[in-house]
Amino acid sequence: MGKKPVNTIKEYHLHHQQPKKLQFTIHDLNVYLEEHKANATRPHIHSFYQIIWFKSGSGQHFVDFREYDVFENAIFFIAKNQVHYFDNKSNYEGVLIHFNESFIASPNNEMDFFLKCSLFNNPYQQPSCCIGTGIHQILNEYLQQIKTELPNVEAFGQTEMLKAYLKNFLIQVQRQKNEFEKVQGKVPFMVDEKRLQLVQFSNLVEENYTKGWAVADFARLLHISARTLSDLTNHILNKTPSQMIHERIILEAQRLLLHSHLNVNQIAYRLGFEDPSYFVKYFRKYTATSPTAFRKAIS
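Bear in mind the structure is a predicted one, so any value in this text is a computation, not a measurement.

**Q** Describe in detail the overall build of the protein, supporting the description with residues and values.
**A** When you go through the protein residue by residue, the secondary structure sums to 11 helices and 9 strands. Counting every position in the protein, which comprises 299 residues, the buried fraction comes to 49%. Of the accessible surface of the protein, which amounts to about 15400 Å², a share of 50% is contributed by carbon and sulfur atoms.

Listed below in structure tokens is the structure:
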């Protein structure tokens with residue numbers, strides 16, 4: 001496997017008058033994998049979001065160096081910059097959707113914020129869920145509406161139409177996900193004060209994990225005590241705030257070792273380590289291997 005990010009997959013863009021270019025594409029999963037199997041089955045990242053609906057087939061999908069089962073009517077949610085790849089099976093039937101962040105995160109929209117945090121890159125849920133057969137017809141109707149709308153590049157309000165169809169698709173999935181979690185005795189992800197604080201903490205970690213901040217620094221920005229923050233993460237995730245910070249640093253180190261040409265010293269400096277030798281010890285402590293050995297193992 002190569003070390004460069006696999007971004008060779010052809011991307012189609014919607015062209016609008018807005019200054020930021022928008023992306024939205026939809027693919028037949030089996031056709032897509034046949035065309036791009038060499039790249040799709042190697043660890044890679046994208047600058048956009050993905051929804052992968054496995055309508056049939058079984059196997060494994062890999063997200064941020066973890067293996068997850070693929071099963072009938074499983075949907076995976078891949079956030080931008082997450083490392084993922086398909087297994088070598090080519091008999092999957094389903095749908096693959098690509099879109100950029102503008103379609104999932106409108107400023108100051110609570111529902112958009114909720115869907116993004118619940119389904120994509122969620123720090124305390126696996127990146128997939130089973131929708132069963134109960135809503136597949138509804139989801140297919142939204143997909144058909146999206147396919148019909150995509151060619152209408154010059155049509156009035158096309159972007160808003162696509163956003164609406166995508167949001168409705170995700171809301172239906174979230175409803176079904178909540179029902180499955182209730183049956184399994186789990187507490188569905190809902191927007192309450194504690195989970196909102198957890199998401200805010202996760203976002204702060206995402207923005208500042210290279211700065212060497214202490215837990216107290218994050219707690220202060222959340223206007224709570226370090227003890228309250230620790231109680232919060234332990235209660236919901238069974239993890240300490242420090243664990244979450246360490247996990248994010250290690251994940252980024254693994255991503256850089258995978259898809260960049262930076263050497264170990266450069267990666268250490270990028271992650272905020274003043275002493276590269278300490279970074280090597282740090283990486284070994286949390287992964288039981290050295291950065292160099294990890295890079296060779298995934299190459």
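There's more to say after this.
**Q** Please give an account of the pattern of salt bridges that cites residues and values.
**A** In this structure the tally under the stated criterion is 9 salt bridges. A salt bridge links glutamate 206 to arginine 248, with the nearest nitrogen and oxygen atoms 2.7 Å apart. Residue glutamate 206 is found in helix H5 (residues 193-208), and its partner arginine 248 is found in helix H8 (residues 241-259); the two are separated by 42 residues along the sequence. What makes glutamate 206 partly exposed here is its relative accessible area of 37%. The salt bridge involving arginine 220 is made with aspartate 217; its shortest N-O contact spans 2.8 Å. Here arginine 220 pairs with aspartate 217, and both are found in helix H6 (residues 215-221), just 3 residues apart, close to one helical turn.

**Q** So what's going on with the pairing of strand E8 (residues 93-99)? Residues and values would help.
**A** As a general feature of sheets, a regular strand has side chains that alternate between the two faces. Of all the 7 residues making up E8, 6 are buried; the element is thus mostly covered by neighbouring parts of the structure. Sheet topology note: the strand E3 (residues 49-56)/E8 ladder contains 7 bridges and is antiparallel. Within the sheet, the bridge partner assigned to tyrosine 49 lies in E8 and is phenylalanine 99.

**Q** Describe in detail the environment of lysine 177, supporting the description with residues and values.
**A** Inspection of the secondary structure puts lysine 177 in helix H4 (residues 158-183). Sequence separation between lysine 177 and cysteine 130 is 47 residues, and the spatial gap between their C-alpha atoms is 7.1 Å. Not counting residues up to four positions away in its chain, the partners in contact with lysine 177 are Ser118, Leu119, Gln125 and Cys129.

**Q** Before we move on, could you go through helix H7 (residues 226-237) and cite the residues and values that matter?
**A** The terminal C-alpha atoms of H7, which comprises 12 residues, lie 16 Å apart, in line with the 16 Å expected from a rise of 1.5 Å per residue. Of all the positions in H7, only Leu229, Leu232, Thr233 and Leu237 are classed as buried. One side of H7 carries all its buried residues, which in axial view fall inside an arc of 90°. Turned more than 90 degrees away from the buried face of H7, the exposed residues are Arg227 and His235.

**Q** So what's going on with the state of the cysteines? Which residues, and what values?
**A** The bond known as a disulfide is covalent and runs between the sulfur atoms of two cysteines. Within this structure, the stated rule accounts for 0 disulfides. Between cysteine 129, a cysteine without a disulfide, and cysteine 130, which holds the nearest cysteine sulfur, the sulfur-to-sulfur distance is 7.4 Å. Cysteine 129 sits in the buried class, given a relative accessible area of 9%. Given the relative accessible area of 25%, cysteine 130 is considered partly exposed.

**Q** Go over the confidence of the model for the protein with me, naming the residues and quoting the values.
**A** For the protein, per-residue confidence averages 85 on the pLDDT scale, and 86% of positions sit at 70 or higher. Of all helices and strands in the protein, the one with the weakest mean pLDDT is strand E1 (residues 13-14) (36), whereas helix H9 (residues 264-270) scores best (97). Low confidence marks residues 1-20, where pLDDT is under 50. Its contacts with residues over four positions away, or in another chain, come to 52 contacts.

**Q** An account of the pairing of strand E6 (residues 74-78) is requested, with residue identities and associated values reported.
**A** By the criterion of burial, E6 is predominantly enclosed, with 5 of the 5 residues buried. Burial along E6 is two-sided: the residues Ala74, Phe76 and Ile78 and Ile75 and Phe77 are all buried. Of the strand pairs in this sheet, E3 and E6 are connected by 5 bridges, and their pairing is antiparallel. Paired with tryptophan 53 across the two strands is isoleucine 75, which belongs to E6. Sheet topology note: the E6/strand E9 (residues 128-130) ladder contains 3 bridges and is antiparallel. Residue pairing across strands places phenylalanine 76 opposite serine 128, the latter belonging to E9.

**Q** Tell me what's going on with the packing of aromatic side chains, and back it up with residues and numbers.
**A** Counted by the stated rule, this structure contains 21 aromatic pairs. Considering the side-chain rings of phenylalanine 24 and phenylalanine 103, the 4.9 Å spacing of their centres and the 75° angle between planes classify their relative orientation as edge-to-face. Of the two residues, phenylalanine 24 is situated in strand E2 (residues 22-28) and phenylalanine 103 in the loop between E8 and helix H2 (110-119); the sequence distance between them amounts to 79 residues. Residues phenylalanine 62 and tyrosine 85 carry aromatic rings whose centres are separated by 4.4 Å and whose planes lie at 5° to one another, so their mutual orientation is stacked. Taken together, the residues phenylalanine 62 in strand E4 (residues 59-63) and tyrosine 85 in strand E7 (residues 84-86) connect sequence positions 23 residues apart. By relative accessible area, phenylalanine 62 is classed as buried at 16%. Taken together, the ring pairs in this structure connect Phe65, Phe273, Tyr278, Phe279, Tyr282, Phe283, Tyr286 and Phe294 into an aromatic cluster. Note that lysine 55 overlies the ring of tryptophan 53, its terminal NZ or CZ placed 4.6 Å from the centroid. Geometry around tyrosine 209 places arginine 248 over its ring, the cationic atom sitting 4.4 Å from the centre.

The rules behind each value
- All residue numbers here refer to positions counted from 1 along the written sequence of the relevant chain.
- Given that this is a predicted model, residues contribute local features only at a pLDDT of at least 70 and side-chain atom pairs are listed and counted only at 80 or more, while totals for whole chains, interfaces and linings are drawn from all residues.
- Heavy atoms from the whole structure form the basis of all side-chain values; hydrogens and water molecules are not counted.
- Strands here mean DSSP runs of E at least two residues long; helices mean DSSP runs of H or I at least four residues long; both are numbered from the N terminus.
- Each residue gets one of three labels from its accessible area relative to the maximum for its type: buried under 20%, exposed over 50%, partly exposed in between, using a 1.4 Å probe on protein chains only.
- Per-residue and other accessible areas follow the Shrake-Rupley method at a 1.4 Å probe size, with only the shown protein chains counted as cover for residues.
- Each reported salt bridge corresponds to a side-chain nitrogen of Lys or Arg within 4 Å of a carboxyl oxygen of Asp or Glu.
- Here a strand pair is declared whenever DSSP counts at least two bridges between the two strands.
- We call two residues in contact whenever any of their non-hydrogen atoms come within 4.5 Å of each other.
- To estimate how far a helix should extend, the number of its residues minus one is multiplied by 1.5 Å.
- Note: the arc covers the axis-to-C-beta directions of the helix.
- Only a pair of cysteine sulfur atoms within 2.5 Å counts as a disulfide in this structure description.
- A score from 0 to 100, pLDDT tells how confident the predictor is in each residue.
- Centres within 6.5 Å make a pair out of two Phe, Tyr or Trp rings, where for Trp the six-membered ring is used; the pair is then stacked when the planes are under 30 degrees apart, edge-to-face when over 60, and tilted otherwise.
- Charge-over-ring contacts are defined here by two conditions on Lys NZ or Arg CZ: a distance within 6 Å of the ring centre and an angle within 35 degrees of the ring normal.

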